[in-house]
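What follows is the residue order along each chain.
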Amino acid sequence: MQVLGIYGGQDANGLTATVVRTILGAVQAPATSTFIDLNDYDLHPETPNRPNPDLDKLAAQLQAADIWVFGAPTYYTTIPGQLKQFFDVMRHRWTRMTKAGDSLPNGVFADKHYVSVTSCFAPTWDNIFTGQTDLTLRAIDGAMTLAGVHKITELVCPNTWRQRTPTERKLARARQIGAELSHYQRKDDETLKRYVLLFFMIAVMALATMGIQQLFSALTATFWLRYASFVVIFFVLLAIILHVMTFMRHKRA
């Protein structure tokens, strides 16, 4: 197992980079780890008349690693320019375009996994309710979805205003993640897992819907009332679950 830390911010000795290095430092032998700072690379776009050896080097490092750990402080509610530029110039190396203009994974990095690390100045409860780090995490997730790379977990460090080092709780979590990565079992096909989760989600929602109907006898007076009330209640429950999974699934504390 090889773990590659990819830092895409302004200060490679800052708080977010420290968390990434802590994760890498906790990786146990025989697994190995490497830290790279995107500021050390020329991330200009590649053209036929202007090749970029740095992109070849980065692509080789990505290919050699099994797990990528992205470190990106939250700047203006999203990822720093260094990481955004990295995603932009590497896009053609991990995606393919269809005639309809859709971007799809090209399979080059299909067996890889990743971890996201970010931080923000917002206090913990502020970040929980406003989700200031969400766009950062979603930007990473979006790029990795296009690359066909599988997510393992994420680590968020809020309330970093005037902090020089991460809290001991966050460092402990970083060390735990690093130790887990050392023996991580690849999960390249999660299709069956998704269908199982979908089945249980529908089963729970159907049970909850029927339970709510039982509380109000008027909802089950006739067949059409039972049907209409079931559809409405089921829809409301489904909308709530989808909202939570789509907009509130990221860790913020």
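Now for a quick tour of the structure. Worth saying up front: this structure is predicted, and the values here are computed from it rather than measured.

### Focus: the pairing of strand β1 (residues 2–7)
Inference 1: Of all six residues in β1, five are buried; the element is thus mostly enclosed.
Inference 2: Of the strand pairs in this sheet, β1 and strand β2 (residues 32–37) are connected by six bridges, and their pairing is parallel. Following the sheet pairing, Y7 is matched in β2 by D37.
Inference 3: Handedness of the crossover is the feature at issue here: the chain leaves β1, passes through helix α1 (residues 15–25), returns alongside β2, and the resulting connection is right-handed.
Inference 4: With five bridges connecting them, β1 and strand β3 (residues 67–71) associate as parallel partners. Looking across to β3, one finds that Y7 is bridged to G71.

### Brief notes about unusual backbone geometry
Inference 1: Along the chain, A29 connects to P30 via a cis peptide bond; the corresponding omega equals 10 degrees.
Inference 2: Summarising the element assignment, P30 is placed in the loop between α1 and β2.
Inference 3: Phi angles above zero are rare outside glycine, and Y76 is one such case at about 50 degrees.
Inference 4: Within the secondary structure layout, Y76 lies in the loop between β3 and α3 (81–94).

### A few points about the nonpolar core
Inference 1: Membership of the largest hydrophobic core comes to 28 residues, with the highest contact counts inside it found for W68, F70, F86, F87, W94 and M144.
Inference 2: Listing elements by their share of this core, those giving two or more residues are β1, α2 (53–64), β3, α3 and α5 (134–147).
Inference 3: Top contributing element to this core by residue count: α3, with six residues.
Inference 4: Residues within four places of W94 in sequence aside, it is in contact with L62, W68, F86, F87, L104, P105, N106, F109, A143, M144, L146 and A147.

### Topic: α3
Inference 1: Here α3 spans 20 Å end to end across 14 residues, near enough to the 20 Å set by a 1.5 Å rise per residue.
Inference 2: Residue D88 marks the point of greatest curvature in α3, where the axis turns by about 30 degrees.
Inference 3: For α3, the full list of buried residues reads Q82, L83, F86, F87, V89, M90, R93 and W94.
Inference 4: Residues of α3 that are buried sit in contact with α2, β3, β4 (95–97), β5 (103–105) and α5.

### A closer look at the packing of aromatic side chains
Inference 1: On inspection of all chains with the given rule, the structure shows 15 aromatic pairs.
Inference 2: A ring pair is formed by F86 and F87, whose centres lie 5.8 Å apart and whose planes are at 50 degrees; its orientation type is tilted.
Inference 3: On the basis of an interplanar angle of 75 degrees and a centroid distance of 5.1 Å, the ring pair of F121 and W161 is categorised as edge-to-face. Within this pair, whereas F121 is found in the loop between β6 (113–119) and α4 (124–130), its partner W161 is found in the loop between β7 (150–157) and α6 (168–181), the two being separated by 40 residues in sequence.
Inference 4: Among the residues examined, F121 registers a relative accessible area of 52% and is labelled exposed.
Inference 5: Taken together, W68, F70, F86, F87, W94, F109 and Y114 form an aromatic cluster joined through their ring pairs.
Inference 6: One Lys or Arg, R21, reaches over the ring of F35 and ends 3.9 Å from the middle of that ring.

### Remarks on the sheet that holds β2
Inference 1: Strand order in the open sheet formed by five strands is β2-β1-β3-β6-β7, and the pairing between neighbours is parallel. Each of the sheet's edge strands pairs with one partner strand only, and the pair in question is β2 and β7. On average, each strand axis in the sheet is tilted by 15 degrees relative to the strand beside it, whichever way the strands run.
Inference 2: By the bridge criterion, seven bridges tie β6 to β7 in an arrangement that is parallel. Residue pairing across strands places V117 opposite L155, the latter belonging to β7.
Inference 3: Of the strands in this sheet, β1, β2 and β3 touch α2, which is tilted by about 140 degrees from β1.
Inference 4: The strands touched by α5 are β3, β6 and β7; relative to β6, the strand with the most contacts, the crossing angle is about 160 degrees.

### Points about the side chain of R252
Inference 1: Its place among the elements puts R252 in the segment after α8 (223–247).
Inference 2: Residue class for R252 comes out buried when judged on its relative accessible area of 10%.
Inference 3: A distance of 2.5 Å separates a polar side-chain atom of R252 from the backbone oxygen of I128.

### Here's the deal with the layout of surface pockets
Inference 1: Considered as a void within the structure, the second largest pocket measures approximately 480 Å³ in volume.
Inference 2: In this structure, the second largest pocket is lined by 21 residues; those nearest its centre are P73, Y75, S119, F121 and T160.
Inference 3: Looking at side-chain class alone, the lining of the second largest pocket contains nine nonpolar, nine polar and three charged residues.

Cut-offs applied
- For every chain, the first residue of its written sequence is number 1, and the numbers climb from 1 along that sequence.
- The predicted nature of this model means local features are confined to residues of pLDDT at least 70 and side-chain atom pairs, given and counted, to a pLDDT of 80 or more, with totals for whole chains, interfaces and linings taken over all residues.
- The side-chain values count all of the structure's non-hydrogen atoms but skip hydrogen atoms and water molecules.
- Throughout, exposure labels follow a simple rule: accessible area from a 1.4 Å probe, protein chains only, divided by the maximum for the residue type, with under 20% read as buried, over 50% as exposed, and the rest as partly exposed.
- Helix and strand assignments follow DSSP, with helices taken as H or I runs no shorter than four residues and strands as E runs no shorter than two, numbered in order from the N terminus.
- A pair of strands counts as paired when DSSP detects no fewer than two bridges linking them.
- Every crossover in which the path from the first strand over the helix to the second runs clockwise, viewed with the strands pointing away from the viewer, is termed right-handed.
- Throughout, nonpolar core names a set of buried Ala, Val, Leu, Ile, Met, Phe, Trp, Tyr and Cys residues whose side chains join them through atoms within 4.5 Å.
- Two residues qualify as a contact provided that any one of their heavy atoms is within 4.5 Å of a heavy atom in the partner residue.
- For a helix, the expected span equals 1.5 Å multiplied by the residue count minus one.
- To get the bend at any residue, fit one axis to the seven residues that end at it and another to the seven that begin at it, then take the angle between the two axes.
- For Phe, Tyr and Trp, where Trp contributes only its six-membered ring, two rings pair if their centres lie within 6.5 Å, and the inter-plane angle classes them as stacked under 30 degrees, edge-to-face over 60, or tilted in between.
- Geometrically, a charge over a ring is one whose NZ (Lys) or CZ (Arg) sits within 6 Å of the ring centre while staying within 35 degrees of the ring normal.
- Fitting a line to C-alpha atoms yields each axis, with helices limited to the stretch in contact; the angle taken between N-to-C directions then spans 0 to 180 degrees.
- Polar contact is the term for a pair of N or O atoms within 3.5 Å; when the atoms are in protein, one must be able to donate a hydrogen and the other to accept it, and sequence-neighboring residues count only if both atoms are side-chain atoms.
- Buriedness for pockets is judged along seven lines, at least five of which must meet protein on both sides within 12 Å for an open set on the 1 Å grid over protein atoms alone, while cavities are sets there where a 1.4 Å probe fits but cannot get out, and lining residues have an atom within 4 Å of a point.
- Grid points are joined across faces, edges and corners, and a volume is the space filled by probe spheres set on the points.
- Charged means Asp, Glu, Lys or Arg here, nonpolar means Ala, Val, Leu, Ile, Met, Phe, Trp, Tyr, Cys or Pro, and polar covers whatever is left, Gly included.

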